[in-house]
Protein chains: 2
Amino acid sequence: MVTARRIPVATVARLPLYLRALDELALERIATISSDELAGRAGVNGAQVRKDLSHLGSYGTRGVGYDVAYLVREINRQLGLSENQRVAIVGAGNLGQALARYGGFPARGFEVVAAFDTDPAKIGSRFGSTVVQPVSEMATVIADEKVSVALITVPAAAAQSAVDAAVAGGVRSILNFAPTTVSVPATVALRHVDLGIELQILSFYTRRADETVAAAGPE
Amino acid sequence: MVTARRIPVATVARLPLYLRALDELALERIATISSDELAGRAGVNGAQVRKDLSHLGSYGTRGVGYDVAYLVREINRQLGLSENQRVAIVGAGNLGQALARYGGFPARGFEVVAAFDTDPAKIGSRFGSTVVQPVSEMATVIADEKVSVALITVPAAAAQSAVDAAVAGGVRSILNFAPTTVSVPATVALRHVDLGIELQILSFYTRRADETVAAAGPE
DNA sequence: CCATGTGAAAGCGTTCACAGCG
DNA sequence: CGCTGTGAACGCTTTCACATGG
C-alpha cells in the first residue's frame with residue numbers, strides 16, 4: 001500500500017465516479033466486484049481502478065475483488081461526505097433556480113439552506129425550501145447558517161465580488177458557474193463549470209473528426 | 001513552430017479560456033497582449049500560454065506580444081467556431097429549461113433548434129424559441145434540422161437510450177449532464193458535466209484543508 | 001532591450017506485466 | 001487459480017531557461 005495520505009488529484013477526481021458505480025451495484029444487491037468490472041461501469045481501465053483504490057489502502061481481497069459496501073464507506077469517508085454539507089446559491093437566475101430544484105443534491109448530502117440575489121424583485125421569493133435574500137446580507141447569513149459551499153450563478157461581472165462575500169462569510173469551497181476566472185485564498189477550494197467552454201472543446205473534436213474522415217488521415 | 005496539426009488535449013481545453021480573456025481585452029480596446037498578461041487573466045502560467053499558442057503557429061511578435069484580434073480569429077478557427085452550430089436539448093426538466101434560456105449560447109454561436117421529452121404534458125409546450133417534441137421523433141428531427149450537438153438532461157436511467165437516438169440522428173458531439181456513464185461510437189465527441197461529482201471533489205479538498213492548514217488546491 | 005518560441009528537464013498520470021496472496 | 005497490489009516503463013504536461021529576432 002502507498003503511504004495513504006496524499007492522494008493524487010487525478011485519483012480524487014475519479015473517486016466520485018467509482019462511488020456512483022458502487023451505489024448502483026449496491027442497489028443490484030451485488031456484494032463484491034473485481035477491478036475490471038468496476039472499471040467497465042466507471043468507463044476507465046482496470047489497472048487504474050486498482051492503483052486508485054490502493055491509495056486509500058488495501059481494501060480488496062486477492063482472488064475475489066472488493067467488498068462493495070465497505071468501499072462505499074471508505075470512499076465516502078475520504079471525500080468527507082459522511083456528514084451533510086450546507087450549500088448557498090448565489091444568483092437566483094435561471095441556472096440558480098434549476099440548481100435549487102435539482103434532486104441530486106439531497107441524495108448526496110448537500111442541503112441548500114440559503115439563496116441570494118441583488119434584484120429587489122427576486123428578494124423574498126421562495127426558492128426551493130428557502131427564500132431569496134439580498135446579497136448585502138450574504139457574509140452574515142453564510143456565517144450564521146454555517147454554509148460551507150457556495151454555488152456562484154451570477155453574471156460574469158458580479159462573480160468576483162460574490163466570491164469575495166462568500167469567502168468573507170467563511171465558505172470552505174466554491175463552485176463557479178460564471179464564465180470568468182475568479183480568485184480565492186489558498187484555504188478555499190475552487191472549481192469551475194462553464195457550459196460554453198465545454199461546448200467549445202467539443203467543437204474542436206467534432207471538427208477534427210470531419211477532417212480525419214475527409215482526409216482519411218493518419219493515426 | 002511545431003508542425004501545427006496535432007494540438008495536445010490539454011492545450012485544446014485551455015484555448016476557450018484564452019478566448020474568453022481575449023474577448024474581454026477586445027472590449028477594453030486593448031490591441032496587443034503579452035503572454036504573461038494573458039496568463040494572468042486566464043489564471044495560468046506564462047510559459048504555458050506561449051507553448052499552447054505555439055501549437056497554433058507563430059502568431060506573436062517578439063518584444064511586443066500577441067495581436068488580440070488576430071489571436072481571437074485563429075483560436076475561433078481552430079475550435080471550429082467560425083460557423084454556427086445547431087443544438088438540441090434532450091430532456092425538458094429544470095436543467096433543460098435553464099439551458100434553453102441561458103444567454104451564453106447564442107453569443108458563442110450555439111443555437112438551440114430543438115428540444116425533446118417523453119412526458120406528454122410537456123410535449124408541445126414552448127421551450128425558448130422552439131417547442132418540445134416527443135423523444136420518439138428525435139432521430140428524424142435531429143437529422144432534418146441538421147443538429148450537430150445534443151445536450152442530455154434526462155434522468156440517469158434514460159441517458160444511454162437518449163444518447164443512442166441522438167447518435168442515430170447524426171449528432172457529432174454530446175454533452176452529458178445525466179449522472180451516469182454513457183458510451184458513444186468513436187466518431188462522436190463526448191463530455192460530461194456532473195454537478196454532484198464536482199461537489200464531491202470540492203468536498204475532499206475542503207476536508208483536507210481542515211486537517212492540514214496548508215493545502216494545495218485542486219485544478 | 002523585451003517578449004516570443006522552444007529545446008531540455010522535471011513532474012505527473014496511465015498502462016503494463018507480474019509477483020504474491022487469499 | 002484468480003485477482004489484487006505495485007514496481008517499472010511509457011507518454012503526456014508543465015515548467016525552466018535562454019537563444020532568437022523584431
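Residues numbered from 1 in each chain as written. Chains lettered and ligands numbered in written order. Predicted model: local features only at pLDDT ≥ 70, side-chain atom pairs only at ≥ 80, totals over all residues. Heavy atoms only, no water.

### Quick word on the overall build of chain A
Moving on, step 1. Secondary structure summary: chain A contains 9 helices and 10 strands in total.
Moving on, step 2. Principal axes of the C-alpha set define a box for chain A whose edges measure 60 × 50 × 35 Å.
Moving on, step 3. The buried share of chain A, reckoned over its 219 residues, is 47%.
Moving on, step 4. Sequence-distant contacts, at least 24 apart, represent 54% of the contacts inside chain A between residues at least 6 apart.
Moving on, step 5. When the accessible surface of chain A is split by element, carbon and sulfur atoms take 54% of a total near 10200 Å².
Moving on, step 6. Distance between charge centroids for chain A: 6 Å, based on 21 positive and 21 negative side chains. (Helix = DSSP H or I, 4+ residues; strand = E, 2+ residues; numbered from the N terminus. Buried < 20%, exposed > 50% of the residue type's maximum accessible area, 1.4 Å probe, protein only. Contact = heavy atoms within 4.5 Å. Areas by Shrake-Rupley, 256 points an atom, 1.4 Å probe, with all protein chains shown as cover. Lys, Arg positive; Asp, Glu negative; His and termini not counted. Charge placed at Lys NZ, Arg CZ, Asp CG, Glu CD.)

### Let's talk about the pattern of salt bridges
Moving on, step 1. Enumeration according to the criterion identifies 16 salt bridges over all chains in this entry.
Moving on, step 2. With a closest N to O distance of 2.5 Å, glutamate 198 of chain B and arginine 191 of chain A form a salt bridge. With glutamate 198 of chain B in helix H9 (residues 195–211) and arginine 191 of chain A in strand E10 (residues 189–192), this pair bridges two chains. Comparing glutamate 198 of chain B with arginine 191 of chain A, the two get one shared label, buried. (Salt bridge = Lys/Arg side-chain N within 4 Å of Asp/Glu carboxyl O.)

### As for the sheet that holds strand E5 (residues 110–117) of chain A
Sheet strands associate in pairs through backbone hydrogen bonding, adopting either a parallel or an antiparallel arrangement.
All names here are of chain A.
Moving on, step 1. Spatially, E6-E7-E5-E4-E8-E9-E10 is the arrangement adopted by the 7 strands of the open sheet, whose pairing is mixed. Where the open sheet ends on each side, the last strands, each with one partner, are strand E6 (126–127) and E10.
Moving on, step 2. In this structure, E5 lies alongside strand E7 (residues 130–134), joined through 3 bridges in parallel fashion. Along E7, the bridge assignment pairs alanine 115 with valine 132. (Pairing = 2+ DSSP bridges.)

### What to know about the relation of the copies chain A and chain B
Moving on, step 1. Least-squares fitting of chain A to chain B yields an RMSD of 0.1 Å, with the superposition described by an axial translation of 0.0 Å and a rotation of 180 degrees. Here the two chains are linked by the operation of a two-fold rotation axis. Among all residues of chain A, the minimum C-alpha distance to the rotation axis is found for alanine 98 of chain A, at 3.1 Å. (Least-squares fit on C-alpha atoms with pLDDT ≥ 70 in both.)

### Overview of unusual backbone geometry
Moving on, step 1. The backbone of arginine 29 of chain A sits at a positive phi, close to 60 degrees, despite the residue not being glycine.
Moving on, step 2. Within the fold, arginine 29 of chain A resides in the loop between helix H1 (9–27) and strand E1 (32–33).

### Thoughts on the layout of surface pockets
Moving on, step 1. A volume near 1600 Å³ is recorded for the largest pocket.
Moving on, step 2. Arg191, His192 and Glu198 of chain A together with Arg191 and Glu198 of chain B are the residues nearest the centre of the largest pocket, which is lined by 45 residues in total.
Moving on, step 3. For the lining of the largest pocket, the per-class residue count stands at 25 nonpolar, 9 polar and 11 charged.
Moving on, step 4. Here the second largest pocket defines a volume of roughly 780 Å³.
Moving on, step 5. Lining the second largest pocket we find 39 residues, and of these Tyr102 of chain A together with Val154, Pro155, Ala156 and Pro179 of chain B sit closest to its centre. (1 Å grid on protein atoms, 1.4 Å probe; cavity = no way out; pocket = protein on both sides within 12 Å on 5 of 7 lines; lining within 4 Å. Points joined across faces, edges and corners; volume = space filled by probe spheres on them. Nonpolar A, V, L, I, M, F, W, Y, C, P; charged D, E, K, R; others polar.)

### Some details on the side chain of threonine 130 of chain A
Moving on, step 1. Looking at the element boundaries, threonine 130 of chain A is found in strand E7.
Moving on, step 2. Threonine 130 of chain A has contacts with Val112, Val113, Ala114, Ala115 and Ser125 of chain A, leaving out every residue within four places of it along the chain.

### Quick look at the environment of asparagine 45 of chain B
Residue and element names in this part refer to chain B.
Moving on, step 1. By the element assignment, asparagine 45 lies in the loop between helix H2 (35–42) and helix H3 (46–54).
Moving on, step 2. As a C-alpha pair, asparagine 45 and glutamine 160 span 115 residues in sequence and 39 Å in three-dimensional space.
Moving on, step 3. At 2.6 Å, the side chain of asparagine 45 and the backbone nitrogen of alanine 47 are in polar contact. (Polar contact = N/O pair within 3.5 Å; in protein donor to acceptor, adjacent residues only side chain to side chain.)

### Thoughts on the nonpolar core
Moving on, step 1. Ranked by internal contacts, the top residues of the largest apolar core, which has 95 residues, are Leu22, Ile75 and Leu151 of chain A together with Leu22, Ile75 and Leu151 of chain B.
Moving on, step 2. Not counting the four nearest positions on each side in its chain, isoleucine 75 of chain B is found in contact with Leu15, Tyr18, Leu19, Leu22, Leu53 and Leu56 of chain B.
Moving on, step 3. Judged by nonpolar contacts, the second largest core, of 23 residues, contains Phe116, Ile142, Ala162 and Ile174 of chain A. (Core = buried A, V, L, I, M, F, W, Y, C linked by side-chain atoms within 4.5 Å.)

### Remarks on the sheet that holds strand E1 (residues 32–33) of chain B
All names here are of chain B.
Moving on, step 1. The strand order E1-E3-E2 describes an open sheet built from 3 strands, whose pairing is antiparallel. Each edge of the open sheet carries a strand with a single partner, namely E1 and strand E2 (60–61).
Moving on, step 2. Relative to strand E3 (residues 65–67), E2 runs antiparallel, the two sharing 2 bridges. Bridge pairing in E3 places threonine 61 opposite glycine 65.

### Re the side chain of threonine 206 of chain B
Moving on, step 1. Along the chain, the position of threonine 206 of chain B falls in helix H9.
Moving on, step 2. We classify threonine 206 of chain B as buried; its relative accessible area is 8%.
Moving on, step 3. At 3.3 Å, the side chain of threonine 206 of chain B and the side chain of serine 173 of chain A are in polar contact.
Moving on, step 4. When sequence neighbours within four positions are dropped, the list of residues in contact with threonine 206 of chain B reads Arg172, Ser173 and Ala189 of chain A.

### Observations regarding the environment of arginine 86 of chain B
Residue and element names in this part refer to chain B.
Moving on, step 1. With respect to the helices, strands and loops of the structure, arginine 86 is situated in strand E4 (residues 85–90).
Moving on, step 2. Assessed through its relative accessible area of 27%, arginine 86 is described here as partly exposed.
Moving on, step 3. Sequence separation between arginine 86 and alanine 121 is 35 residues; the distance between their C-alpha atoms is 25 Å.
Moving on, step 4. With residues near it in sequence (within four places) discarded, arginine 86 still touches Glu111, Val113, Glu145, Lys146, Val147, Ser148 and Val149.
Moving on, step 5. In this structure the side chain of arginine 86 is engaged in a polar contact, spanning 2.6 Å, whose partner is the backbone oxygen of glutamate 145.

### Some remarks on the environment of alanine 115 of chain B
Residue and element names in this part refer to chain B.
Moving on, step 1. Structurally, the position occupied by alanine 115 is in strand E5 (residues 110–117).
Moving on, step 2. As a C-alpha pair, alanine 115 and valine 49 span 66 residues in sequence and 38 Å in three-dimensional space.
Moving on, step 3. Setting aside residues no more than four positions away along its own chain, alanine 115 makes contact with Ile89, Phe127, Thr130, Val131, Val132 and Gln133.

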